[in-house]
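Residue strings, one per chain:
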Amino acid sequence: DVKVTQSSRYLVKRTGEKVFLECVQDMDHENMFWYRQDPGLGLRLIYFSYDVKMKEKGDIPEGYSVSREKKERFSLILESASTNQTSMYLCASSRTGLRNQPQHFGDGTRLSIL
Amino acid sequence: KNEVEQSPQNLTAQEGEFITINCSYSVGISALHWLQQHPGGGIVSLFMLSSGKKKHGRLIATINIQEKHSSLHITASHPRDSAVYICAVIRNYGGATNKLIFGTGTLLAVQP
């Protein structure tokens, strides 16, 4: 089974801090994704990566950056955390090539910015 | 208007009832996911389908590409089915990366 592991289930940080969320997958997937999930809005794509050191902006990239130095690891960075970034963050991975490959999700990180 | 709409947003059922959750979308797609999210956050893929019908245990998913509509059915519902059910579509897209567009989810509570 595919395993997507997010480093923290719950995280509390202060406004202005630099925050790192880490995601690791063990199935050699090319694609990795970061989403945030908010009530009434569903999941929204922040950034995705289709290869090492490659990244593309999703629908809501403002205030975030990402890093993919190794194929198995995709990091989401909040450069200067703000209270409106309090949310549930979900990482996912998938294989590339065939279009209809399922995405596999981690358990999520519930981030609170005080 | 969202590109993926689910109904109902909230659903309460008694144990044993037959449950239907609907998903309509307005874009061309190559496939549709049904996902399940339990309290605490983790998301599990239940089905991915691009035509017809799929069945797994008490869960059945159908899709009508012409009508741009999909349904998720749960037969003989049980309290452990209580979760958020999310419809997500893979939009027709020129690249190899399968980006998803999500509905806002249906919160299902099955009471004993």
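Refer to the preceding data block for the structure.
Model, not experiment: these values are computed from the prediction.

Q: Please clarify how the overall build of chain A should be interpreted in this entry.
A: A count of helices and strands for chain A gives zero helices and 11 strands. Its helices and strands in sequence order give chain A the pattern β-β-β-β-β-β-β-β-β-β-β, from N to C terminus. For a compact globule of 114 residues, the expected C-alpha radius of gyration is about 13 Å, and chain A comes in at 13 Å, within 12% of that figure. Principal axes of the C-alpha set define a box for chain A whose edges measure 40 × 30 × 25 Å. Of all 114 residues assigned to chain A, the portion counted as buried reaches 46%. Contacts spanning at least 24 positions in sequence make up 55% of the contacts within chain A whose residues lie at least 6 apart. Surface accessibility of chain A: about 5600 Å² in total, with carbon and sulfur atoms responsible for 49%. Side-chain charges in chain A split into 17 positive and 15 negative, and the spacing between the mean points of these groups amounts to 3 Å.

Q: What am I meant to see in the overall build of chain B here?
A: Looking only at helices and strands, chain B has zero helices and 11 strands in total. For chain B, the succession of helices and strands along the chain, N to C, is β-β-β-β-β-β-β-β-β-β-β. Against the 2.2 N^0.38 benchmark of 13 Å for 112 residues, chain B shows a C-alpha radius of gyration of 14 Å, consistent with a compact globule. With respect to the principal axes defined by its C-alpha atoms, chain B has extents near 45 × 30 × 25 Å. Split into buried and exposed, the 112 residues of chain B put 46% on the buried side. In the structure as shown, chain B presents an accessible area of about 5200 Å², 50% of it carried by carbon and sulfur atoms. Each charge sign in chain B was given a centre, from 9 positive and 6 negative side chains, and these centres are 9 Å apart.

Q: What is the right way to look at the sheet that holds strand β8 (residues 73–78) of chain A in this model?
A: Sheets are built from strands that pair by backbone hydrogen bonding, the pairs being arranged parallel or antiparallel. Residue and element names in this part refer to chain A. The strand order across the open sheet formed by four strands is β1-β3-β8-β7, and the pairing between neighbours is antiparallel. Strands with a single pairing partner mark the edges of an open sheet, and in this sheet they are β1 (4–6) and β7 (64–70). Averaged over all adjacent pairs, the angle separating strand axes in this sheet is 20 degrees, with direction ignored. In terms of strand pairing, β7 meets β8 through five bridges, oriented antiparallel. Paired with Val66 across the strands is Leu76, a residue of β8.

Q: What's the story with the sheet that holds strand β8 (residues 69–74) of chain B in this structure? I'm lost.
A: Residues and elements named next belong to chain B. Read across the open sheet, the five strands follow the order β1-β3-β8-β7-β6; overall the sheet is antiparallel. Unpaired on one side and paired on the other, β1 (4–7) and β6 (52–56) mark the two borders of the sheet. When strand polarity is set aside, the average angle formed by the axes of neighbouring strands in this sheet is 15 degrees. The sheet contact formed by β1 and strand β3 (residues 19–25) spans four bridges and is antiparallel. Across the sheet, Val4 pairs through a bridge with Tyr25, a residue of β3.

Cut-off values and rules
- Residues numbered from 1 in each chain as written.
- Chains lettered and ligands numbered in written order.
- Predicted model: local features only at pLDDT ≥ 70, side-chain atom pairs only at ≥ 80, totals over all residues.
- Heavy atoms only, no water.
- Helix = DSSP H or I, 4+ residues; strand = E, 2+ residues; numbered from the N terminus.
- Rg over C-alpha atoms; globule rule 2.2 N^0.38 Å.
- Buried < 20%, exposed > 50% of the residue type's maximum accessible area, 1.4 Å probe, protein only.
- Contact = heavy atoms within 4.5 Å.
- Areas by Shrake-Rupley, 256 points an atom, 1.4 Å probe, with all protein chains shown as cover.
- Lys, Arg positive; Asp, Glu negative; His and termini not counted.
- Charge placed at Lys NZ, Arg CZ, Asp CG, Glu CD.
- Pairing = 2+ DSSP bridges.
- Axes fitted to C-alpha atoms, helices over the stretch in contact; angles between N-to-C directions.

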